[in-house]
Amino acid sequence: MTSAEYPGERLQKVLARRGVGSRRVCDALVSAGRVTVNGEVAIAGRRIDPDHDEVAVDGVPLAVRPGVVHYLLNKPAGVVSTASDPQGRPTVVDLVPREPRVFPVGRLDADTEGLLLLTNDGDLAFRLTHPSIGVEKAYLAKVQGTPSPAALRRLREGVELDDGPTSPARVVFTPPDLLRLVIHEGRNRQVRRMCEAVGHPVVRLARFRIGPLADPSLAPGTWRPLTPAEVRFLEQAAAAGEQRSAAPR
Ligand code: URA
């Protein structure tokens, strides 16, 4: 049987449909030996069963599976990051399609605005919220008062909180009261507690980036699906974090 007669779909077509890139880019990836099917390097013209064969690019499985959705939501203040709220406040799941049912990946405080992922991909959500993964998250905080160089240094080097010191953070200060903070941890009310600990309680807080995911055009209260490339990045970030935490120290 020639490859054209073999049942299934051309690999390049499946890659393109799942958003890996244009047909030309997908051809190039296959020719470069960067695509595997069931763990074996694929050759050009390979046909696959998209429902059963495991396809990976650079070792990362294609993330988009039928029925699995990933949304990026710009959460407004006053909305809680749970599926239901005993106090009857609006929840993030009220802001996205009802079906299929999704849940938030991690959380933002009710009074924090900004980007939040929601998905029904339990495996990815579990891996991304594991403390060892440490996807970068960037926040914009308006604080009370004007932080001194010493306060900024403490934020950058790590602040002692009641659940232990924070890891070093990147902090950019725009006088008189705006801080741009990039952290890897995801502790409860972490940014608020860090700022409070150095004497500058947060007045307003927004998350504007999760890893490479940012979207200044996403209005508060609106959402969009992640692109396949964005989903692949999250898969890669989860896999990289797992490797880091498994490596001998
Ligand atoms: N840090 C906070 O203090 N609150 C959030 O919602 C997220 C990070």
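Everything numeric here is computed off the predicted structure, so don't read it as measured data.

**What about the pairing of strand β14 (residues 178-183)?**
Where strand β10 (residues 137-143) and β14 come together, six bridges link them in antiparallel fashion. Among the inter-strand pairings, Y139 is bridged to a residue of β14, identified as L181. Linkage of strand β13 (residues 170-174) to β14, two consecutive antiparallel strands, is achieved through a turn of three residues.

**Things to note about helix α3 (residues 122-129)**
L124, A125, R127 and L128 are the residues of α3 that are buried. Considered in projection along α3, the buried side chains sweep an arc of 165° and stay on one side of the axis.

**Observations concerning the nonpolar core**
In this structure, L118 and L179 are the most contacted members of the largest nonpolar core, which totals 30 residues. Mapped by element, the contributors of at least two residues to this core are β7 (70-75), β9 (112-119), β10, α4 (149-157), β14, α5 (190-197) and β15 (202-210). Counting residues domain by domain, this core receives three or more from each of domain 2 (70-131 + 213-246) and domain 3 (137-210). In this view, L118 contacts V69, H70, Y71, L73, V92, V93, V96, V102, F103 and P104; residues no more than four positions away in its chain are not counted. Among the nonpolar cores identified, the runner-up in size contains 17 residues, and L115, I133, L218 and L234 belong to it.

**Section: the environment of A110**
Positionally, A110 belongs in the loop between β8 (103-105) and β9. Put simply, A110 and V92 are 18 residues apart on the chain and 9.8 Å apart in space, counted from C-alpha to C-alpha. When sequence neighbours within four positions are dropped, the list of residues in contact with A110 reads K75, P76, A77, G78, V79, V80 and R89.

**Here's the deal with the domain arrangement of the protein**
Here the protein is partitioned into domain 1 (9-62), domain 2 (70-131 + 213-246) and domain 3 (137-210). The C-alpha centroid of domain 2 is placed 28 Å from the C-alpha centroid of domain 1.

Parameters at a glance
Residues numbered from 1 in each chain as written. Predicted model: local features only at pLDDT ≥ 70, side-chain atom pairs only at ≥ 80, totals over all residues. Heavy atoms only, no water. Pairing = 2+ DSSP bridges. Helix = DSSP H or I, 4+ residues; strand = E, 2+ residues; numbered from the N terminus. Buried < 20%, exposed > 50% of the residue type's maximum accessible area, 1.4 Å probe, protein only. Arc of directions from axis to C-beta. Core = buried A, V, L, I, M, F, W, Y, C linked by side-chain atoms within 4.5 Å. Domains from an automatic or database assignment. Contact = heavy atoms within 4.5 Å.

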